[in-house]
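Spelled out from the first residue to the last, the chains are:
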Amino acid sequence: MKATGIVRRIDDLGRIVIPKEIRKTFHIKESDPMEIFINGEGEIILKKYSPMGEMSSFAKQYTDSLAQASGHIAIITDRDTIVAASGGMKGCVGKRVSKGLEECMQSRDLVVASKGQRGFTSITDENKDDISDVAIGTILASGDVAGSVCLVGTKGHVEFGEIEKKLIQTATGFIGKQLEL
């Protein structure tokens, strides 16, 4: 564990402020859920909570099915990282999503675009050059953004259309309902 040298006092309501520098480094925003862990050595550990992370084995099975049915790379993310990937880009699991994908999730728009078109964004900041098409939908659980489902086409694939759009809508709706259970 790395010491920061920052000391904070607990207020009369039992709250402690996480310093801005740490929130910025770990992309912790106002109202982000935090999971609290303790260990036998008297340490309290805070971790950004991801309901999608709790469903990683389900997400993996879903991306496998989606990739097989669509013939494209299938990816499921939480708000910050890639939770599951199938059909290629498996090495991206655990990597941070791109700023463009974060913005797409926040806007809650369904995006189907080819490289060079308005709305096109990469999934991560890596592998940008390999991607020719994306279909991105936001997973909503109880009205909150929980993550995204993405289909990715690489060079040589047919341009995305209505089928990919419907697959994304179905996947985001289904996963959102699973998170609400």
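Keep in mind that this is a model prediction, so the values were computed, not measured.

Criteria and cut-off values
- By convention here, each chain's residues receive numbers from 1 onward along its written sequence.
- Residue-level local features of this predicted model are given only where pLDDT is at least 70; pairs of side-chain atoms are given and counted only at 80 or more, and the full residue set underlies all totals for whole chains, interfaces and linings.
- In computing side-chain values, all of the structure's heavy atoms are included and hydrogens and water are not.
- In these notes, a set of buried Ala, Val, Leu, Ile, Met, Phe, Trp, Tyr and Cys residues joined through side-chain atoms within 4.5 Å is what counts as a nonpolar core.
- Each residue gets one of three labels from its accessible area relative to the maximum for its type: buried under 20%, exposed over 50%, partly exposed in between, using a 1.4 Å probe on protein chains only.
- Numbered from the N terminus, helices here are DSSP runs of H or I no shorter than four residues, and strands are runs of E no shorter than two.
- Note on definitions: a residue-residue contact is assigned when non-hydrogen atoms from the two residues lie within 4.5 Å.
- DSSP bridges decide pairing: two strands pair if at least two such bridges lie between them.

## Comments concerning the nonpolar core
Membership of the largest hydrophobic core comes to 21 residues, with the highest contact counts inside it found for Ile-76, Ile-139, Val-149, Ile-175 and Leu-179. For this core, the secondary structure elements donating two or more residues are helix 3 (56-70), strand 3 (73-77), strand 4 (82-86), strand 6 (131-141), strand 7 (144-154) and helix 5 (162-180). Discounting chain neighbours no more than four positions away, the residues touching Val-149 are Leu-66, Ile-75, Ile-76, Ala-135, Ile-136, Gly-137, Ile-139, Ile-168, Ala-171, Thr-172 and Ile-175.

## Considerations on the pairing of strand 7
Where burial is concerned, most of strand 7 is hidden: nine out of the 11 residues are buried. The pairing of strand 3 with strand 7 spans five bridges and is classified as antiparallel. What sits directly across from Thr-77, in strand 7, is Ser-148. Strand direction decides the pairing type here: strand 6 and strand 7, joined by 10 bridges, are antiparallel. Along strand 7, the bridge assignment pairs Leu-140 with Val-145. Hairpin connection of strand 6 to strand 7: two residues between the antiparallel strands, including Ser-142 at a positive phi of 55°.

## Quick look at the environment of Ile-175
Looking at the secondary structure, you find Ile-175 in helix 5. Take Ile-175: its relative accessible area is 0%, and that puts it in the buried class. Along the backbone, Ile-175 and Gly-147 are 28 residues apart, and their C-alpha atoms lie at a distance of 9.6 Å. Apart from residues no more than four positions distant in its own chain, Ile-175 is found in contact with Met-52, Phe-58, Tyr-62, Ile-76, Ile-139 and Val-149.

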